[in-house]
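One-letter residues, chain by chain:
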Amino acid sequence: MRLFRIGVAAGGLAAVLSFGAVADEAFVTNQSSEDVSIINLETGEARMTVPVGGKPAGVALSPDGKVAWIVSPESKTVSAVDTTTGEVTRRIVLEGGPLGIAVHPGGQLLYVADWYNARVHVVDTTRGEAVGRVAVGESPSGLAVTDDGTLLLSADRDSNQISIVDTATLKQVATIPTGERPFGITINEGRAYTADVGSNTVTVIDIATHKVLGQIRVGERPYAVAFARGRGFVTDQYADTVTVFDVETLKVLGKVDVGEYPEGIDVSLDGARVIVANWFSNTISVIDAQTLEVIDEYDTGDGPRAFGLFIRKTE
């Protein structure tokens, strides 16, 4: 089943929703223009563009929403962007090939995947430096932390596995096989989901038991997964689509046409919208999570990646 895109007239629904409301914002890393677009998700306007340099890709928001942490692989830096002012308040230099990033729920620690050295950096945000490292599989990419902060999960692309790490001891406690070349990883209700770019699958893993529960056949070159309204949403880079599946049955419900080469994906605070960064189109697509229709498309900088959790969830 193919679900086709529809549009909303400029100044229509978005303008109505934005009146008198506090909007969620998307912090979109633009690799080619080397900056971050801060986009109001009701109006579609970029509140500001923040230069960061170093071909930014990875992104994560602090638990309080005050800081956007941006990973620039080329300059080997993690930049702290004040989400209110847009000021870059700190730059942390890391060794190797920093890429994916996740934040501990306590807010003090960052975890940054080192693509080249099969490890994850542990960064203290107060001290502004790496305070530890943990060995994982080859080419770690996406990272995710459980809600209670006890476990870190790493998608080890070239080992075809995920690593589970105890955050207290920084010891690897398990490895679990996935499809070919897992890249993005997302945790949802006790399960981990990997986007397996080499096998065009999503692998579903029970975190507590370390068991693979199944695999879902999705579009070509899946990149990352997000969840809303009891559904999973997977960006398919080569297909220019988002595959949608039911989280209970793991059955594919359909595909949504988005922009060219979709990559990063996240969800609005209320769970009503799914936001997709289209690398080649220089846009983000906004999908209604219930109707599975594209209701808006907004401009970004050049080469949006948004690899991670990039929506500032304002109340």
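For the structure itself, look to the data block above.
The following refers to the structure shown. One numbering rule holds for all chains: residues counted from 1, following each sequence as written. In keeping with the predicted nature of the model, local features appear solely for residues at pLDDT of at least 70, side-chain atom pairs appear and are counted solely at 80 or more, and the whole-chain, interface and lining totals rest on all residues. The basis for every side-chain value is the complete set of non-hydrogen atoms in the structure, without hydrogens or water.

1. Observations concerning the sheet that holds strand S17 (residues 182-188)
No. 1: Strand pairing is defined by DSSP finding a minimum of two bridges between the two strands. Secondary structure counts use DSSP, requiring at least four H or I residues in a row for a helix and at least two E residues in a row for a strand, with both numbered from the N terminus. Across the sheet, which stays open at both edges, the four strands sit in the order S17-S18-S19-S20 with antiparallel pairing between neighbours. Because the sheet does not close on itself, it has two edges, and the strands there are S17 and strand S20 (211-217). The sheet shows a mean angle of 20° between the axes of neighbouring strands, direction not considered.
No. 2: Two elements, S17 and strand S18 (residues 191-196), share five bridges in a ladder whose sense is antiparallel. Bridge pairing in S18 places Ile 187 opposite Ala 192. All axes are obtained by fitting lines to C-alpha atoms, using only the stretch in contact for helices, and the reported angles, taken between N-to-C directions, cover 0 to 180 degrees.

2. Describing the sheet that holds strand S2 (residues 25-30)
No. 1: Strand order in the open sheet formed by four strands is S4-S3-S2-S30, and the pairing between neighbours is antiparallel. With partners counted over all chains shown, the strands left at the sheet margins are strand S4 (46-51) and strand S30 (311-312), one partner each.
No. 2: Sheet topology places S2 next to S30; two bridges connect them, and they run antiparallel. Looking at the pairing, Glu 25 lines up with Arg 312 of S30.

3. As for the packing of aromatic side chains
No. 1: Side-chain rings of Phe, Tyr and Trp, where Trp is taken by its six-membered ring, are said to pair if the distance between their centres is within 6.5 Å; with planes under 30 degrees apart they count as stacked, over 60 as edge-to-face, and otherwise as tilted. Summed over the entire model, instances satisfying the criterion amount to ten aromatic pairs.
No. 2: A ring pair is formed by Tyr 193 and Phe 227, whose centres lie 4.5 Å apart and whose planes are at 55°; its orientation type is tilted. Remark: Phe 227 occurs in strand S21 (residues 222-228) and Tyr 193 occurs in strand S18; sequence separation between them is 34 residues. Neither Tyr 193 nor Phe 227 differs from the other in exposure class; each is buried.
No. 3: Ring plane angle 50° and centroid distance 5.8 Å describe the contact between Tyr 238 and Tyr 261, whose orientation is recorded as tilted. Separated by 23 residues along the polypeptide, Tyr 238 in the loop between strand S22 (231-236) and strand S23 (241-246) and Tyr 261 in the loop between strand S24 (252-257) and strand S25 (262-267) bring together distant segments of the chain.
No. 4: We classify Tyr 238 as partly exposed; its relative accessible area is 44%.
No. 5: Taken together, the aromatic side chains of Tyr 238, Tyr 261, Trp 279 and Phe 280 make up a single cluster linked through ring pairs.
No. 6: Look at NZ for Lys and CZ for Arg. If either is within 6 Å of the ring centre and within 35 degrees of the ring normal, a charge sits over the ring. In this arrangement the basic side chain of Arg 305 is found over the ring face of Trp 279, its NZ or CZ atom lying 4.1 Å from the centre. In this scheme, a residue with accessible area under 20% of its type's maximum is buried, one over 50% is exposed, and one in between is partly exposed, where area comes from a 1.4 Å probe on protein chains only.

4. Digging into the nonpolar core
No. 1: Among the buried residues, those of types Ala, Val, Leu, Ile, Met, Phe, Trp, Tyr and Cys that are joined through side-chain atoms within 4.5 Å form a nonpolar core. Counting 23 residues, the largest nonpolar core has Ala 26, Val 28, Ile 70, Ile 275, Ile 284 and Phe 310 as the members making the most contacts within it.
No. 2: Mapped by element, the contributors of at least two residues to this core are S2, strand S3 (35-40), strand S5 (58-61), strand S6 (67-72), strand S26 (273-278), strand S27 (283-288) and strand S28 (294-299).
No. 3: By definition, residues are in contact when any of their heavy atoms lie within 4.5 Å. Once residues lying within four places of it in the same chain are set aside, the contact partners of Ile 70 are Thr 29, Val 36, Val 52, Pro 56, Gly 58, Val 59, Thr 77, Val 78, Ser 79 and Val 81.
No. 4: In terms of nonpolar packing, the next biggest core, distinct from the first, is built from 22 residues, Ala 228, Val 256, Ile 265 and Ala 289 among them.

5. Some words on the environment of Thr 241
No. 1: Here Thr 241 is to be found in strand S23.
No. 2: Thr 241 gets classed as buried once you look at its relative accessible area, which sits at 1%.
No. 3: Separated by 90 residues in the primary sequence, Thr 241 and Leu 151 place their C-alpha atoms 31 Å from one another.
No. 4: Under the rule applied, a polar contact is a pair of N or O atoms within 3.5 Å (in protein, one hydrogen donor and one hydrogen acceptor; residues adjacent in sequence only if both atoms are side-chain atoms). Side chain to side chain, Thr 241 and Asp 236 meet in a polar contact 2.8 Å long.

6. Regarding the pairing of S20
No. 1: Sheet topology note: the strand S19 (residues 201-206)/S20 ladder contains six bridges and is antiparallel. Bridge pairing links Val 202 to Ile 216 in S20.
No. 2: From the end of S19 to the start of S20, which pair antiparallel, there are four residues, and His 210 there has a positive phi angle of about 65°.

7. Quick look at the pattern of salt bridges
Should their charged atoms come close, side chains of opposite charge can pair.
No. 1: Definition used for salt bridges: Asp or Glu carboxyl oxygen within 4 Å of a side-chain nitrogen of Lys or Arg. Inspection of the entire model under this criterion finds nine salt bridges.
No. 2: Measuring nitrogen to oxygen at the nearest pair gives 2.6 Å for the salt bridge that ties Arg 127 to Glu 129.
No. 3: Put simply, Glu 263 and Arg 305 hold a salt bridge, and the shortest N to O gap is 2.2 Å. Separated by 42 residues along the polypeptide, Glu 263 in strand S25 and Arg 305 in the loop between S28 and strand S29 (307-308) bring together distant segments of the chain.
No. 4: Residue classification places Glu 263 among the buried residues on the basis of a relative accessible area of 0%.

None of this, on its own, says anything about what the molecule does.
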